[in-house]
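In case you want the letters, here they are:
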Amino acid sequence: MALCSVGRPLLLNTRNSLGCFFKQKQTFCSKANESQEEEIRKKLQLFPGGSIDLQKQESGIAVMTVNNPARMNAFSGSMMTELEERVCELENWTEGKGLIVRGAAGTFCSGSDLNAVRAISNPQDGMKMCMFMQKTLTRLLRLACYRLPLISVALVEGKALGGGAELTTACDFRLMTSDAVIQFVHKHMGLVPGWGGAARLVRIVGSQNALKLLAGVKKVDPDFGNEIGLADGILKVGEGDTLVNTERWLSQFTKGSAPVIRAVKKVVLSGRELALDEALTTERHAFGTVWGGPANLEALALKTKHK
Ligand SMILES: CCC(=O)SCCNC(=O)CCNC(=O)[C@H](O)C(C)(C)COP(=O)(O)OP(=O)(O)OC[C@H]1O[C@@H](n2cnc3c(N)ncnc32)[C@H](O)[C@@H]1OP(=O)(O)O
C-alpha cells in the first residue's frame, strides 16, 4: 500500500468508502498519465523560486506558508511541485488535526508566476500544469478523506489573486483580515480557473455568486466575502497576532477525538460531493468507525449532558 501518491496512484483498500469513490474518479491513474505527470513535474522544476514551507506543530495544527515575497507569493514551477510534496507529508502526519494555509510577508498569493506561465503558454503544457494543480489541490481539500482528520483554513491577508484565490477554495474555511481581498482575476488574463477553483467556488457560494465573481472579476473584501459565504470570519488588523488568532479560531473545530473529527469531515465532504445513495453509504461506514469507539464510550460513561 503506497503511503504517498507523488509519482504513483494512491492505493486505497476501503470498499464503498469515500476514498474508494475518489480512487475510481482519480484522473492520474494509468501508467500513461503517471508518465505525463512526471514529465510536467520535471518541466515545472525548470522554473525555480520561492518555497512552500510546512511547520507541523505539537498542537496538531500545521502551518503551510506560500513563500515567494519578491513576487507577491506567486507560484513558481518548483513551488507547484513542492506543494505536492507538502500535501504528501500532511497525508502521512498521523498526529495532525488542522492546517492553516497562508502567504509570507502579509499577503496571501498572487496566483501562478507569470514568468513561468509565459514560458509554458502552449496548450499541452498548460493542460498538464492544470491537471497537476487540480490533483494536488483536490488532495489538499480531501486530506481527511484519505486517512487524516485535518480541517483546513486559509488565512487570507493582503491579496489572493488568480490561482491564489483558487487556493483559498481548497481549504475548508477562509478567514480574511480586514484589509484582505480575494479576486478571481482570470478573465482579465484571458483565462478561467483551471486549478479546480471554479468547481469549488460554485459549491461554496452558489452558481449565481460564482458567476458574478468570475465574469465580473469582482473584488471580494471581507464584508462581501461574509455576505456570500466565501469568508468564514474577519480578523481585525492590529488586534493581536493574526496567526495566533487563526489558530485559536481553528481549534474550536480540531479539539476532541481525532477519529471523530475525521468522521465528521468525511460525512460532510461526501454529503457535498457524492450522489445521495453513495453519501448515505459513506455516512453509515463513518458511523461504524465511531459507534462504540473510545470517545463514544467515554461520553456514555460520563453521562454527558448537553446544556
Ligand atoms: C492560475 C492563473 C493565474 O494565477 S494567472 C496570474 C494572476 N495574477 C496576476 O495576474 C497578478 C499580477 N500582479 C499584480 O496584479 C500586482 O503585482 C499585485 C499582486 C496586485 C501587487 O501589486 P503591487 O503591490 O503594486 O506590487 P508589484 O506589482 O510591484 O509587485 C511586486 C513584484 O511582484 C511581482 N509579481 C506580482 N505578481 C506576480 C505574479 N503573479 N507572477 C510574477 N511576478 C509577480 C511583480 O512583477 C513585482 O516584481 P518586480 O518588483 O517588478 O520585479
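None of the values given here were measured: they were computed from a predicted structure. (Residues numbered from 1 in each chain as written. Predicted model: local features only at pLDDT ≥ 70, side-chain atom pairs only at ≥ 80, totals over all residues. Heavy atoms only, no water.)

1. Structural notes on empty space enclosed by the protein
By the definition in use, this model includes 1 cavity of 30 Å³ or more. Size it by volume and the largest cavity reaches roughly 30 Å³. Of all the elements in the fold, those that place two or more residues in the lining of the largest cavity are helix 3 (77-91) and helix 4 (114-119). Taken together, the residues of the lining of the largest cavity sort by class into 6 nonpolar, 2 polar and 1 charged. (1 Å grid on protein atoms, 1.4 Å probe; cavity = no way out; pocket = protein on both sides within 12 Å on 5 of 7 lines; lining within 4 Å. Points joined across faces, edges and corners; volume = space filled by probe spheres on them. Helix = DSSP H or I, 4+ residues; strand = E, 2+ residues; numbered from the N terminus. Nonpolar A, V, L, I, M, F, W, Y, C, P; charged D, E, K, R; others polar.)

2. Section: helix 12 (residues 276-290)
An α-helical segment advances 3.6 residues per turn. Residues three or four places apart therefore align on the same side. The first and last C-alpha atoms of helix 12 sit 21 Å apart over 15 residues, in line with the 21 Å expected at 1.5 Å per residue. Taken together, the buried positions of helix 12 are occupied by Ala279, Thr281, Thr282 and Ala286. Along helix 12, the residues classed as buried sweep out an arc of 160° about the axis, all on the same side. Exposed and oriented more than 90 degrees from the buried face of helix 12 are Leu276, Asp277 and Arg284. (Expected span 1.5 Å × (residues − 1). Buried < 20%, exposed > 50% of the residue type's maximum accessible area, 1.4 Å probe, protein only. Arc of directions from axis to C-beta.)

3. Looking at the site of the ligand
Around the ligand, the structure places 19 residues, and the nearest of them are Ala70, Ser110, Ser112, Leu114 and Gly163. At 3.2 Å, a backbone N or O of Ala70 approaches an oxygen atom of the ligand. Within the contact set of the ligand, a nitrogen atom lies 2.9 Å away from a backbone nitrogen or oxygen of Leu114. In isolation the ligand offers 940 Å² of accessible surface; the protein chains occlude 56% of this area. Residue assignment for the shell around the ligand shows that the elements contributing at least two residues are helix 4, strand 5 (159-161) and helix 7 (163-169). Residue composition of the shell around the ligand, by class: 8 nonpolar, 7 polar and 4 charged. (Near = heavy atom within 4 Å. Polar contact = N/O pair within 3.5 Å; in protein donor to acceptor, adjacent residues only side chain to side chain. Areas by Shrake-Rupley, 256 points an atom, 1.4 Å probe, with all protein chains shown as cover.)

4. Here's the deal with the sheet that holds strand 4 (residues 151-156)
Taken in spatial order, the 6 strands line up as 1-2-3-4-6-8 in an open sheet, and their pairing is mixed. Each end of this open sheet is capped by a strand with a single partner; those strands are strand 1 (51-56) and strand 8 (233-235). Pairwise comparison of adjacent strand axes, ignoring direction, gives a mean angle of 20° for this sheet. Relative to strand 6 (residues 173-177), strand 4 runs parallel, the two being bridged by 4 bridges. Each residue of the ladder has a partner; that of Ala154, found in strand 6, is Arg174. Contacts between helix 10 (residues 242-254) and the sheet are confined to strand 2 (61-67), strand 3 (98-103), strand 4, strand 6 and strand 8, with strand 4 contributing the most and set at about 155° to the helix. (Pairing = 2+ DSSP bridges. Axes fitted to C-alpha atoms, helices over the stretch in contact; angles between N-to-C directions. Contact = heavy atoms within 4.5 Å.)

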